[in-house]
Amino acid sequence: MLNRVSRRELLTATAGLAGVGGIDVTSAQATNHFVIFGGSPDTVVDYALTVSGRLQKSGRSGGAPIADRHVTQDGEDTISSDGTHASGAIAGGGDAYQFTGRVVRFRISPGSQASTVRVYLNGQQVRPDQLGDNPAADTPITFLDCDRARVTGSFQSVRMHTSFWDDAGLGTNFLFDGPISGTTTIHPVAAHDPYPFAIDTLSVDTRELQTPGQPAKFTADNPYAGPWCAEQLPNHIVVFGGSPQNVIRYQFTASGHVRKSGSSGGAPIADQHVTIDNEDSISGGRVRGAIAGGGDAYQFSGELTQMQVDGDATVYLNGQQIDPTSAGGETDGSGDGDGSDDRGDDDDGETPTTGIEFLACDRARVTGAFERVTIDTTWYATDGVARSHNEIGPVSGRTRIDESNVGDVAGVAGFVITNIAAFEQGAGEPTVSKRNPNTDQCLGQIRPAKISASVADCTATSDGVVVTFVYENPNDVALRVQSDLVGASSTAPPDSLKPGQHAFDASWAPENPDDRLRWRLDLRPFGYENPVTATSPTAADCGLARETTDQADGDGERTAEDGATEEPPADDTAAPDTTSDDTPTTDVTTEQAQQSDPTTDTPPQTTEKPDPETEAPEPATDAPPETPESTPDPATEAPPETPEPTPEPMTEASDSDASGTTADSESERANHR
């Protein structure tokens, strides 16, 4: 079954790596845009991309929901000399490429597909197994990681092309197996033991496959295969507990290799509380470290051969809680689902006292025997702050309160245990109850990052003005936010703000050249007291002609222009630009003087600003007798008035709303078990 066809055949993903050269992808062919982003400083994701044409680095998001400033061009990312292959790594940001042709192969480090990485091709999100000439999508083949695949269905033959790393270096195999039926996990470890390997390509057929090049009914490339598979560390251990006043030290030994991890690996602790500290040390397979309220995590190969914890810490191995005192890290058999710790006494041998301790924002401990324990939590859903209530019990000894038993806390960024109450047998009132003293601080740590808003552009049209608003949501999920446009606009702003940077256009019909359009977002449900606002320039600054919005002024200004005045007084020309409260009255008075004597020079007395209280009726008496019809009667005809500018919407009104409590905008959630 084992057939090594090429002792030093390299993976396509490792071929021809070179420095980034001056690759020009501009040609008559269509240019595509590829973006990969995700990971974190503690979770580095490796990838490799091969295209049929040529590729080059890009600094733009190309429609993917990531800001251009987070798309980096790093020295460690490489492009082959022929411009067909790129490889690199991301650790919280993104990499982008422009290329011609098609994607021949794309590979990513194992375990990163669903949780930490997103891939976009020409602005559309795709799965890694959808890329390449032989994608696994739409086949009965599902790749689980570097060296495992799942096949669903009945097939006569299975063919695998694998790569392995032994003492002599890199080699490849063609392996044949079958028949199979139902759901079968393909994991040819026996053909490579004890060396690491990867399944590069898997084929299945209802006929028998006998040669490497024989066509098969289904063939798929493994998107996780790559040089990183040689360093597989399949096991994951997490240690968490303690407090700043209670530092817990630990050590363990693994039979293989060990490296630090920033992921919880399925343990009931948020990734943000899993830290990588300088005081933790790794020497070969031996690890020493300390925790003080957070958690430490490691990936390792081989087996856990020994572990010692000097204190009351919780340990999870591959997502399952274990007893650290058991040799080899065997699973704790006491898991009854209520979080009880059956070890009973504290490590110092003293009898535990009855009480409630808050160990962190999302962890606590109840000591004593109780019929039931109630747990109140607060968290942020996609539409704002929410609460949950759960009950567990009966409990005895020391009982952990954490993600495994607090109830429904499917929040945006973690949760906070706000209150715990413990009840003895038949008690209607709690025997002991305690509120988290750091609730406010903890809520500040888990609330979603603040959304920002701005105005990108505004353009005058025949119907008014179009204003382009831009928002950026730095969170990983869409948030539902109440918002409104303050101004004469019929456009409904979006209520679901997607991750990344996005824009929308608002139609606006300003009533005054000094009007502005404002987009106001209410973030109080997410713990932010003041609203976020984005305000446009004035309608005039957006290019809307002033006479368009001044038609309500009547014909006063046109009359002034049509009048046969040889040289208007200086004050008259300045009057329309003045911003004083007397401006409308001054314009009307001057206009009346011009109307009363259209064929002569303006009387000298109008060169000074008239008093609107005493001089408004004067023009009627000064009119020449031969043209009485041109003189308006102040008693019967109201002088034309220039409408006052529409006042700009005040932000103070929205700010004053911030005095309302967060509870007023909460969506109450409850989960009783």
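Residues numbered from 1 in each chain as written. Predicted model: local features only at pLDDT ≥ 70, side-chain atom pairs only at ≥ 80, totals over all residues. Heavy atoms only, no water.

Structural notes on the overall build of the protein chain
Part 1: Secondary structure summary: the protein chain contains seven helices and 42 strands in total.
Part 2: Counting all 673 residues of the protein chain, 44% fall into the buried class.
Part 3: With an accessible surface of roughly 32,800 Å², the protein chain has 46% of that area assigned to carbon and sulfur atoms. (Helix = DSSP H or I, 4+ residues; strand = E, 2+ residues; numbered from the N terminus. Buried < 20%, exposed > 50% of the residue type's maximum accessible area, 1.4 Å probe, protein only. Areas by Shrake-Rupley, 256 points an atom, 1.4 Å probe, with all protein chains shown as cover.)

As for helix α1 (residues 439-446)
Within an α-helix, residues lying three or four positions from one another point in the same direction, as the helix has 3.6 residues per turn.
Part 1: The set of residues buried in α1 consists of Thr-439, Cys-442, Leu-443 and Ile-446. Considered in projection along α1, the buried side chains sweep an arc of 100° and stay on one side of the axis. Opposite the buried face of α1, by more than 90 degrees, sit the exposed residues Asp-440 and Gln-441.
Part 2: Against β29 (372-381), β32 (415-423) and β33 (432-435) lie the buried residues of α1. (Arc of directions from axis to C-beta. Contact = heavy atoms within 4.5 Å.)

Some details on the sheet that holds strand β41 (residues 532-535)
Part 1: The strand order across the open sheet formed by three strands is β37-β40-β41, and the pairing between neighbours is antiparallel. Edge positions in the open sheet fall to β37 (482-486) and β41, since each of these has one partner strand only. Adjacent strand axes in the sheet meet at a mean angle of 15°, parallel and antiparallel pairs treated alike. (Pairing = 2+ DSSP bridges. Axes fitted to C-alpha atoms, helices over the stretch in contact; angles between N-to-C directions.)

Some details on the environment of Cys-458
Part 1: Mapping Cys-458 onto the fold places it in strand β34 (residues 452-461).
Part 2: Taking the C-alpha atoms as reference points, Cys-458 and Ser-507, 49 residues apart in sequence, are found 9.8 Å from one another.
Part 3: Excluding residues that lie within four positions of it along the chain, Cys-458 makes contacts with Val-465, Val-466, Val-467, Pro-537 and Cys-542.

Things to note about the packing of aromatic side chains
Part 1: Taken as a whole and judged by the stated rule, the model has twelve aromatic pairs.
Part 2: A ring pair is formed by Phe-37 and Tyr-120, whose centres lie 5.9 Å apart and whose planes are at 20°; its orientation type is stacked. Pair noted here: Phe-37 is in strand β1 (residues 31-38) and Tyr-120 is in strand β8 (residues 117-121), with a separation of 83 residues, a long-range link.
Part 3: The structure contains a cluster of three or more aromatic residues connected by ring pairs, namely Tyr-250, Phe-252, Tyr-298 and Phe-300.
Part 4: Seen from the ring of Tyr-298, Lys-260 lies directly overhead, with NZ or CZ sitting 4.5 Å from the centre.
Part 5: When the ring centre of Tyr-528 is taken as origin, the NZ or CZ atom of Arg-447, which lies over that ring, is 3.8 Å away. (Phe/Tyr/Trp six-rings, centres within 6.5 Å; stacked < 30°, edge-to-face > 60°. Lys NZ or Arg CZ within 6 Å of the ring centre and 35° of its normal.)

Concerning the state of the cysteines
Covalently bonding the sulfur atom of one cysteine to the sulfur atom of another cysteine gives a disulfide.
Part 1: What the rule picks out here adds up to two disulfides.
Part 2: In this model Cys-458 forms its disulfide with Cys-542; the gap between the sulfur atoms is 2.2 Å. In this structure, the disulfide formed by Cys-458 and Cys-542 twists by about -100° around the S-S bond and is classed as left-handed. Of the two residues, Cys-458 sits in strand β34 while Cys-542 sits in the loop between β41 and α2 (546-549), which places them 84 residues apart along the sequence.
Part 3: Residue Cys-542 is classed as buried on the basis of its relative accessible area, which comes to 7%. (Disulfide = S-S within 2.5 Å.)

Brief notes about the pattern of salt bridges
Part 1: In total, this model carries 17 salt bridges according to the counting rule given.
Part 2: The partner of Arg-105 in a salt bridge is Asp-221, with the nearest N and O atoms 3.4 Å apart. With Arg-105 in strand β7 (residues 103-108) and Asp-221 in strand β16 (residues 218-221), the pair connects residues that are 116 residues apart, well separated along the chain.
Part 3: Residue classification places Arg-105 among the buried residues on the basis of a relative accessible area of 17%.
Part 4: The buried category is assigned to Asp-221, whose relative accessible area is 10%.
Part 5: Residues Arg-524 and Asp-522 are paired through a salt bridge, measuring 3.0 Å at the closest nitrogen-oxygen approach.
Part 6: Arg-524 sits in the partly exposed class, given a relative accessible area of 27%. (Salt bridge = Lys/Arg side-chain N within 4 Å of Asp/Glu carboxyl O.)

Looking at the pairing of strand β24 (residues 313-317)
Part 1: Burial analysis of β24 places five of its five residues in the buried class, the great majority of the element.
Part 2: Judged by which residues are buried, β24 turns out to be covered on both faces: Ala-313, Val-315 and Leu-317 on one side and Thr-314 and Tyr-316 on the other are all buried.
Part 3: Sheet topology note: the strand β17 (residues 235-241)/β24 ladder contains five bridges and is antiparallel. From the neighbouring strand, Phe-240 faces β24, where its bridge partner is Thr-314.
Part 4: Judged from the three bridges that link them, β24 and strand β25 (residues 320-322) form a sheet pairing that is antiparallel. Across the sheet, residue Leu-317 finds its bridge partner in β25, namely Gln-320.
Part 5: Remark: two residues form the turn of the hairpin made by β24 and β25, two consecutive strands paired antiparallel; Asn-318 in that turn has positive phi of roughly 55°.

Comments concerning the nonpolar core
Most often, soluble globular proteins have nonpolar side chains that are buried together.
Part 1: Among the nonpolar cores identified, the biggest contains 37 residues, and Phe-34, Ile-36, Phe-106, Phe-143 and Leu-202 are the most heavily contacted of them.
Part 2: The residues touching Phe-143, leaving out its near neighbours within four places in the chain, are Ala-136, Arg-148, Ala-149, Ile-199, Leu-202, Ala-220, Asp-221, Asn-222, Pro-223 and Tyr-224.
Part 3: By size, the runner-up hydrophobic cluster in this structure holds 32 residues, among which are Ile-446, Ile-451, Trp-519 and Leu-544. (Core = buried A, V, L, I, M, F, W, Y, C linked by side-chain atoms within 4.5 Å.)

What to know about the sheet that holds strand β9 (residues 124-126)
Part 1: What the five strands build is an open sheet, ordered β3-β6-β1-β8-β9; its pairing is antiparallel. Of all the strands in the sheet, just β3 (55-58) and β9 have a single pairing partner and so form its edges. Across this sheet, the average inter-strand angle for adjacent strands is 30°, counted without regard to direction.
Part 2: Pairing analysis gives five bridges linking β1 to β8, with the strands arranged antiparallel. Bridge pairing in β8 places Val-35 opposite Tyr-120.

Side note on the environment of Pro-430
Part 1: One can find Pro-430 in the loop between β32 and β33.
Part 2: Overall, Pro-430 belongs to the partly exposed group, its relative accessible area being 34%.
Part 3: As a C-alpha pair, Pro-430 and Ile-420 span ten residues in sequence and 9.5 Å in three-dimensional space.

Things to note about the side chain of Thr-84
Part 1: Take Thr-84: it is sitting in the loop between β4 (78-79) and β5 (85-90).
Part 2: Of note is the side chain of Thr-84, whose polar atom sits 2.9 Å from the side chain of Asp-82.
Part 3: In this structure, Thr-84 is in contact with Leu-49, Thr-50, Val-51, Gly-53 and Leu-55, ignoring residues within four places of it in sequence. (Polar contact = N/O pair within 3.5 Å; in protein donor to acceptor, adjacent residues only side chain to side chain.)

Description of the pairing of β8
Part 1: Pairing of β8 with β9 involves three bridges; the strand directions are antiparallel. Within β9, the residue paired with Val-119 across the bridge is Val-126.
Part 2: Once β8 ends, the chain turns through two residues before running back antiparallel as β9, passing Asn-122 with a positive phi of about 55°.

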